[in-house]
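# Summary of the model geometry
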Amino acid sequence: MNCQPMTRRQIVRISVGAMAAAIASGAATAFGFAEPADGDELIPFLNRQPDTRGGQLQWEKLSPDQWLTPTRTVYHVSHYGVAKVDEAGWKLNVSGLVDKPLSLTLDEIRKRPRRQATATLECGGNGNNAGFMGAVGNCTWTGTPLALLLKECGIKPSAIEAAFWGADRKVEKIRNMDFEQNFARTLSIPEAMRPDILLCYEMNGEPLTQGHGFPLRLVVPGWYGIAWVKWLQNIELRDRRLMTKYIAREYVTIYGEKQGEQVVWKERSVGPLNVKSLVARVIRRRDGSLLVNGAAWTQGRIRAVELKIDDGPWLPAKLEPQEDHPEHTWAMWTCEWKDPRPGEHTIVSRAFDEQGRLQPAADDPEISLKKTYWEANQQWPWKIRL
Ligand SMILES: Nc1nc2c(c(=O)[nH]1)N[C@H]1C(S)=C(S)[C@@H](COP(=O)(O)O)O[C@H]1N2
Ligand SMILES: [Mo]
């Protein structure tokens, strides 16, 4: 086996806007996987499970124009059902510990400074089993920076966090009593003041769909989807920690840390993305060689991806050129396997990011001492038969 660069495809420098247009027209871009040619054969993963939720990304079908994920193939997670927000009656309110509360229509938000970012959206539960691997997508998000709006309102010194409330509501049972609540998540003030967080009204160059949070959602590049509040309607500056369900009880990771002989058990709220990669598909070409394609992402930028076949050494995969995948976006990678032997094989990838994080194996304490299924970034071995 050797793992060598693919013939370098022509790198066309195009703006993100042009790329969104390219997606809409179905044109190929310089990103993504090589197009399967006539006679190429997709090799199935023997331990793959059917999509347990429906609507997930189908990795084996990713095509060369899908470094950006088309909106129709992006998963949905809506814990309180899909809210239906009528734009006419909707406003975004900023309240609580601010000098100047604000109430803005969608038109007023659209007139504010406009920024576009590409970022990978992944559910905090993605990757916990072989039937839940496609709750992820890499899209272009357009909106106005949250930090500018918060500055304009003037955050009072006593505020410690910003709470983001959605329009979606559900009755929650808490200590055997019923409470109707809206979906909410919080960011600390330093987190909320990050310049790249968006109050987002467009996804892939189109107004947000209802399912993805129309008219407005939070976009927190580098964080799991749980923080990307959809159907956003209230931003509340607070001096006490909000502890509603999806902050304090769900999307809470229970994990152990070894300290000498002892394991110290802790709980943390799901926040920044963990470093992760997977083999998306294996293709047998007419000359008998195999083409292995995958993706990798993290809270920052991916530095390297490696591939292991059976008990062989880790081999470097070829990443798309770094400058072409900005921070918080996934990187696509390719490996060629020249002379595969017939029979059953196991194939697995691992990623490293620029901050030095390494994607753990399933038996690494980082994973084996993690007792809840969120933040599942373990390496995922696929079995194939040739
Ligand atoms: N208001 C609201 N926002 C929400 C959720 C929700 O249930 N309600 N689900 C969150 C979760 S868990 C995820 S993974 C992402 C999914 O975003 P999508 O449905 O646009 O893919 O939205 C997040 N934002
Ligand atoms: Mo999620």
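Residues numbered from 1 in each chain as written. Chains lettered and ligands numbered in written order. Predicted model: local features only at pLDDT ≥ 70, side-chain atom pairs only at ≥ 80, totals over all residues. Heavy atoms only, no water.

Bringing the overall build of the protein chain into the picture now. Scanning the protein chain from N- to C-terminus turns up six helices and 21 strands. Taking 386 residues into account, the globule formula puts the C-alpha radius of gyration at 21 Å, and the protein chain, at 22 Å, falls close to it. Overall, the protein chain is about 65 × 55 × 35 Å in size when its C-alpha atoms are taken along their principal axes. Every one of the 386 residues in the protein chain was classed for burial, and the buried ones make up 54%. A fraction of 72% describes how many contacts in the protein chain between residues 6 or more apart in sequence connect residues 24 or more apart. Within the structure as shown, the protein chain displays about 17400 Å² of accessible surface, and the carbon and sulfur contribution to it stands at 49%. Looking at the protein chain, you have 50 positive and 46 negative side-chain charges, and the mean spots of the two groups are 2 Å apart. (Helix = DSSP H or I, 4+ residues; strand = E, 2+ residues; numbered from the N terminus. Rg over C-alpha atoms; globule rule 2.2 N^0.38 Å. Buried < 20%, exposed > 50% of the residue type's maximum accessible area, 1.4 Å probe, protein only. Contact = heavy atoms within 4.5 Å. Areas by Shrake-Rupley, 256 points an atom, 1.4 Å probe, with all protein chains shown as cover. Lys, Arg positive; Asp, Glu negative; His and termini not counted. Charge placed at Lys NZ, Arg CZ, Asp CG, Glu CD.)

With that out of the way, let us pick up the site of ligand 1. Around ligand 1 sit 18 residues in total, of which Tyr 75, Asp 168, His 212, Arg 217 and Lys 230 are the nearest. At a separation of 3.1 Å, a nitrogen atom of ligand 1 approaches a polar backbone atom of Trp 228. For ligand 1, whose accessible area on its own is 530 Å², the fraction buried by protein is 100%. In this structure the site holding ligand 1 corresponds to the largest cavity. Its residues placed into classes, the shell around ligand 1 shows 10 nonpolar, five polar and three charged. (Near = heavy atom within 4 Å. Polar contact = N/O pair within 3.5 Å; in protein donor to acceptor, adjacent residues only side chain to side chain. 1 Å grid on protein atoms, 1.4 Å probe; cavity = no way out; pocket = protein on both sides within 12 Å on 5 of 7 lines; lining within 4 Å. Sits in = over half its atoms within 2 Å of the grid points. Nonpolar A, V, L, I, M, F, W, Y, C, P; charged D, E, K, R; others polar.)

Within helix 3 (residues 146-153), burial applies to Leu 146, Ala 147, Leu 149, Leu 150 and Cys 153. Looking straight down helix 3, one finds its buried side chains confined to an arc of 160°; they lie on one side. Of the residues flanking the end of helix 3, it is Gly 154, one or two places downstream, whose phi is positive at about 75°. (Arc of directions from axis to C-beta.)

Moving on: the layout of surface pockets. For the largest pocket, the calculated volume is near 420 Å³. Lining the largest pocket are 20 residues, with Glu 161, Thr 186, Arg 241, Ile 247 and Ser 269 positioned closest to its centre. Contributing elements (two or more residues each) for the lining of the largest pocket: strand 7 (177-188), helix 5 (245-248) and strand 13 (262-269). Per-class residue counts for the lining of the largest pocket are 10 nonpolar, four polar and six charged. (Points joined across faces, edges and corners; volume = space filled by probe spheres on them.)

Attention now goes to the sheet that holds strand 16 (residues 302-309). Read across the sheet, four strands follow the order 17-16-20-21 without closing on themselves; strand pairing throughout is antiparallel. Unpaired on one side and paired on the other, strand 17 (315-316) and strand 21 (382-385) mark the two borders of the sheet. Sheet topology places strand 16 next to strand 17; two bridges connect them, and they run antiparallel. In the strand pairing of strand 17, Glu 306 is matched with Pro 316. (Pairing = 2+ DSSP bridges.)

What the rule picks out here adds up to 21 salt bridges. Salt-bridge contacts for Glu 60 lead to Arg 48; the nearest nitrogen and oxygen are separated by 3.6 Å. Highlighted residues: Glu 60 in the loop between strand 1 (41-42) and strand 2 (92-96) and Arg 48 in the loop between strand 1 and strand 2, separated in sequence by 12 residues. The partly exposed category is assigned to Glu 60, whose relative accessible area is 27%. Of the charged contacts in the structure, one is a salt bridge between Arg 350 and Glu 306, with a shortest N-O distance of 2.8 Å. Of the two residues, Arg 350 is situated in strand 20 (residues 344-353) and Glu 306 in strand 16; the sequence distance between them amounts to 44 residues. (Salt bridge = Lys/Arg side-chain N within 4 Å of Asp/Glu carboxyl O.)

This part takes up empty space enclosed by the protein. Tallying each qualifying case throughout the model produces four cavities of 30 Å³ or more. Looking at the largest cavity, its volume works out to about 230 Å³. Forming the walls of the largest cavity are 18 residues, and the residues nearest its centre are Val 77, Arg 217, Gly 225, Trp 228 and Lys 230. Residue classes in the lining of the largest cavity are distributed as 10 nonpolar, five polar and three charged.

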